[in-house]
Amino acid sequence: MPASAAPTAPVPQTDALADPAGTEPVPRRAPSGVPKPPAADRVYDHLKRAVLERRYEGGTLLTEGELAAAVGVSRTPVREALLRLEAEELIKLYPKKGALVLPVSAREIADVVETRRLVEEHAVRKAVPAPPALLDRLAELLAEQKLHAAAGRFAEAAVSDRHFHVELVRSGGNEILSRLYEQLRDRQLRMGVAVMHAHPDRIARALTEHEEILAALCAGDAEAAADLVHRHIGRVAELAGGAVR
């Protein structure tokens, strides 16, 4: 079984990702006087964030004892959290051994890319002519992504990157497609962080590609915008194939 040593230092529970659109499940510090979330939820948040941000990479074998110590809980809520994460296909449980963080497979990358292209290219065509509110929101997210990238905050940059694409999909006005796209969230974030860590130069290129997509929308050129989206997603997939585990 492929395995690597699990990190020994706890992952801070209050180190939240930037989430201006409010669409990512990001844990926040509870206000004074507000009870903590249930123990199983705290373990779930801790482990899921660590997997998506690649602090626990694919192939890492985790034990209940290590996770319990990291979050400061008993083993019972750890088991509950692990079952939830196994259902989401982020880990695989092995009795009496632990939980294996599942690597991202080539098939998964291909499936995500195919789905993204179908949804995003359709949505960006429907977005033209783009309303000013959409153009302003995309410009805001682009500026936010630049700030995170400049500071080396790859996880936050990946969230801003995904929000940029979420806005494109929402602009198409198809709620069913938007819900379908939302199901790709975790996989997109994991792949995006992996690409940024493995190819730091890709961040600048991705920002340029987002600027080009925004410019095509501003110009009202639906086919140019769709072609740019097609190439942008394909390039991410190409790099992800060699970056994720």
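So, here's what we can say about the structure.

## Section: the side chain of Glu-120
Thought 1: By secondary structure assignment, the location of Glu-120 is in helix α4 (residues 106–126).
Thought 2: Beyond its immediate chain neighbours, meaning those up to four positions away, Glu-120 contacts His-165, Val-169, Tyr-181, Val-229 and Ile-233.

## Considerations on the packing of helix α6 (residues 154–171) against helix α7 (residues 175–182)
The angle between the axes and the distance between the axes are what describe a pair of packed helices.
Thought 1: Between α6 and α7, the least distance of the axes is 9 Å, while the angle of their chain directions is 160°. With respect to α7, the element α6 is oriented roughly antiparallel. Our pair here, α6 against α7, has a crossing hand that is right-handed. Residue-level inspection shows Arg-162, His-165, Val-166, Val-169 and Arg-170 of α6 in contact with α7, the latter providing Leu-177, Ser-178, Tyr-181 and Glu-182.
Thought 2: Partitioned by chemical class, the residues of the contact of α6 with α7 number four nonpolar, two polar and three charged.

## What about the nonpolar core?
It is characteristic of soluble globular proteins that their nonpolar side chains tend to be buried jointly.
Thought 1: The biggest cluster of nonpolar side chains holds 42 residues, and the ones touching the most others in it are Val-124, Leu-138, Leu-168, Ile-213 and Leu-217.
Thought 2: At the level of elements, α4, α5 (132–150), α6, α8 (185–198), α9 (201–218) and α10 (222–240) are the ones that each hand at least two residues to this core.
Thought 3: Tallying contributions element by element places α6 first for this core, with nine residues.
Thought 4: Look past the residues within four positions of Ile-213 in its chain and what remains in contact with it is Phe-164, Leu-168, Leu-228, Val-229 and His-232.
Thought 5: Ala-50, Tyr-56, Ile-91 and Ala-99 belong to the second-largest nonpolar core, a separate cluster that totals 20 residues.

## Some remarks on the packing of aromatic side chains
Thought 1: According to the stated counting rule, one finds zero aromatic pairs in the structure shown.
Thought 2: Here the guanidinium or amino end of Arg-84 rests over the ring plane of Tyr-44, the centre of that ring lying 3.7 Å away.

## Looking at the pattern of salt bridges
Thought 1: Here the structure, examined in full by the defined rule, presents 22 salt bridges.
Thought 2: A salt bridge links Arg-116 to Glu-120, with the shortest nitrogen-to-oxygen separation between them at 2.8 Å. With Arg-116 and Glu-120 both in helix α4, this residue pair falls four residues apart, about one helical turn.
Thought 3: Owing to a relative accessible area of 8%, Arg-116 belongs among the buried residues under this scheme.

## Here we look at helix α2 (residues 64–71)
Thought 1: All of the buried residues in α2 are Leu-67, Ala-68, Ala-70 and Val-71. Along α2, the residues classed as buried sweep out an arc of 165° about the axis, all on the same side.
Thought 2: Close packing links the buried residues of α2 with α1 (39–52), β1 (61–62) and α3 (75–87).
Thought 3: Positive phi appears at Gly-72, one or two residues downstream of α2, with a value of about 80°.

## Some thoughts on the pairing of strand β3 (residues 98–101)
Thought 1: Taken together, the two bridges between β1 and β3 define a ladder with antiparallel strand orientation. Its bridge partner being in β3, Leu-62 is matched across the sheet by Ala-99.
Thought 2: Counted along the chain from strand β2 (residues 91–94) to the antiparallel partner β3, the turn is three residues long, and its residue Lys-96 has a positive phi close to 65°.

## Focus on the pairing of β2
Thought 1: As judged from the four bridges shared by β2 and β3, these two strands associate in the antiparallel manner. Residue pairing for β3: Leu-93 is matched across the bridge by Ala-99.

## Overview of the sheet that holds β1
Thought 1: If you walk across this open sheet you meet the three strands as β1-β3-β2, and the pairing is antiparallel. Two strands bound the open sheet, and with one partner strand each, they are β1 and β2.
Thought 2: Sitting on the sheet, α3 touches β2 and β3, and the angle it makes with β2 is about 125°.

Calculation rules
- Counting restarts for each chain: residues are numbered from 1 in the order of the written sequence.
- Local features are withheld for residues below a pLDDT of 70 in this predicted model, meaning they are given only at 70 or higher, and side-chain atom pairs are given and counted only at 80 or more; totals for whole chains, interfaces and linings count all residues.
- Only heavy atoms go into the side-chain values, all of them from the structure, while hydrogens and water stay out.
- Strands here are runs of E lasting at least two residues and helices are runs of H or I lasting at least four, both read from the DSSP assignment and numbered beginning at the N terminus.
- What makes two residues a contact is simply this: any of their non-hydrogen atoms within 4.5 Å.
- Under this scheme, a helix contributes an axis fitted over its contacting stretch, all axes are lines through C-alpha atoms, and angles between N-to-C directions fall in the 0 to 180 degree range.
- Under this scheme an angle from 65 to 115 degrees is roughly perpendicular, one under 35 degrees roughly parallel, and one over 145 degrees roughly antiparallel; angles in between are oblique.
- What makes a crossing left-handed is the near helix being turned counterclockwise from the far one by less than a right angle; a clockwise turn instead makes it right-handed.
- The residue classification treats Ala, Val, Leu, Ile, Met, Phe, Trp, Tyr, Cys and Pro as nonpolar and Asp, Glu, Lys and Arg as charged. All others, Gly included, are polar.
- We define a nonpolar core as any set of buried Ala, Val, Leu, Ile, Met, Phe, Trp, Tyr and Cys residues linked to one another through side-chain atoms lying within 4.5 Å.
- Per-residue accessibility, obtained with a 1.4 Å probe over protein chains only, is compared with the maximum for each type, and a residue is labelled buried under 20%, exposed over 50%, and partly exposed between these values.
- Two rings from Phe, Tyr or Trp (for Trp, the six-membered ring) form a pair when their centres are within 6.5 Å of each other. A pair whose planes differ by under 30 degrees is stacked, one over 60 is edge-to-face, and the rest are tilted.
- Geometrically, a lysine NZ or arginine CZ counts as sitting over a ring once it is within 6 Å of the ring centre and also within 35 degrees of the ring normal.
- Here, a salt bridge means any Lys or Arg side-chain nitrogen found within 4 Å of an Asp or Glu carboxyl oxygen.
- Each C-beta atom gives one direction from the helix axis, and the arc is the one those directions make.
- Note on pairing: DSSP must find at least two bridges between two strands before they are called paired.

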